[in-house]
Amino acid sequence: MKKTLLISIFLCVFTSSAWSLTIGSTEVGGYDTLIASAFLGNSGDQDELNWINSQAGTNYTLANFIKIDTLDGNGWIQDSEIAVFDFGQNTPTYFLVKTGNINGGKNNDPRHFLFLNNDFYNWGVIDLNLEDGLIITSIEKLSHIDQVSSAPVPEPATLILLGTGLLGLAGLRRKIKK
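What you see is a predicted model; the values in this text were computed from it and never measured.

> I'd like to hear about the overall build of the protein chain, residue by residue, with values.
In terms of regular secondary structure, the protein chain is built from 3 helices and 10 strands. Counting from the amino terminus, helix and strand elements in the protein chain follow one another as α-β-β-β-α-β-β-β-β-β-β-β-α. For the protein chain, with 178 residues in total, the buried portion stands at 34%.

> Mind laying out the pattern of salt bridges, listing which residues take part and the relevant values?
Taken as a whole and judged by the stated rule, the model has 1 salt bridge. When the shortest N-O distance is used, the salt bridge between D45 and K67 registers 3.3 Å. Of the two residues, D45 sits in helix 2 (residues 45-56) while K67 sits in strand 4 (residues 65-69), which places them 22 residues apart along the sequence. Among the residues examined, D45 registers a relative accessible area of 30% and is labelled partly exposed. When its relative accessible area of 38% is taken as the criterion, K67 is described as partly exposed.

> Could you give an account of the packing of aromatic side chains, naming the residues involved and the relevant values?
The final tally for this structure, using the stated rule, is 4 aromatic pairs. Look at Y60 and Y94: their rings are 6.4 Å apart centre to centre, the planes differ by 70°, and that puts the pair in the edge-to-face class. Note that Y60 is positioned in the loop between helix 2 and strand 4 and Y94 in strand 7 (residues 94-99), a separation of 34 residues in sequence. For the pair Y60 and Y94, one class covers both residues: buried. Through pairs of rings, three or more aromatic residues link up here, namely F85, F87, F95 and F115.

> With reference to specific residues and values, describe the pairing of strand 8 (residues 112-116).
Counting buried residues along strand 8, 4 of its 5 residues qualify, which places the element largely inside the surrounding structure. Taken together, the 5 bridges between strand 3 (residues 33-38) and strand 8 define a ladder with antiparallel strand orientation. Opposite A36, over in strand 8, you have L114 as the bridge partner. Two elements, strand 7 and strand 8, share 5 bridges in a ladder whose sense is antiparallel. When the bridges of strand 8 are listed, Y94 appears paired with L116.

How each quantity is defined
- Residues numbered from 1 in each chain as written.
- Predicted model: local features only at pLDDT ≥ 70, side-chain atom pairs only at ≥ 80, totals over all residues.
- Heavy atoms only, no water.
- Helix = DSSP H or I, 4+ residues; strand = E, 2+ residues; numbered from the N terminus.
- Buried < 20%, exposed > 50% of the residue type's maximum accessible area, 1.4 Å probe, protein only.
- Salt bridge = Lys/Arg side-chain N within 4 Å of Asp/Glu carboxyl O.
- Phe/Tyr/Trp six-rings, centres within 6.5 Å; stacked < 30°, edge-to-face > 60°.
- Pairing = 2+ DSSP bridges.

Here it is, written out as structure tokens:
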């Protein structure tokens, strides 16, 4: 009995809800991970997809590619130093954010930012204070988002929880038979 109680407590510790950001009363997860940034100029969809594949080590095609124009910040919610985008039913694995000029419009400043979508996959959550002192000072400077994804992969913690529940039911059935 003590062993079962200790195992239950151990599982509860590791399956508790994680820290996440909220916009209003909606949980949007944590910051998505910045994978890479670059200045690609006025690139097209295929050029951006090739860059995503080279940075992420993937082999996506245009069939996996969704482009969302966000001129004038359409679809973005900004709250202090974070920006959040609702992907709706889409759950991209990676998303690319293209900005307008930042830091006074220097030609060598990166304008393409590739993020790994973490936590809540239907939300894109970015920190506007980027690496190397770059800051997106205004959400209106976001040009568009490119989304790439393949079939969703189940979370390991969910599978572990399901597996332990099934083992518990099997053990309970065995105990009742005795």
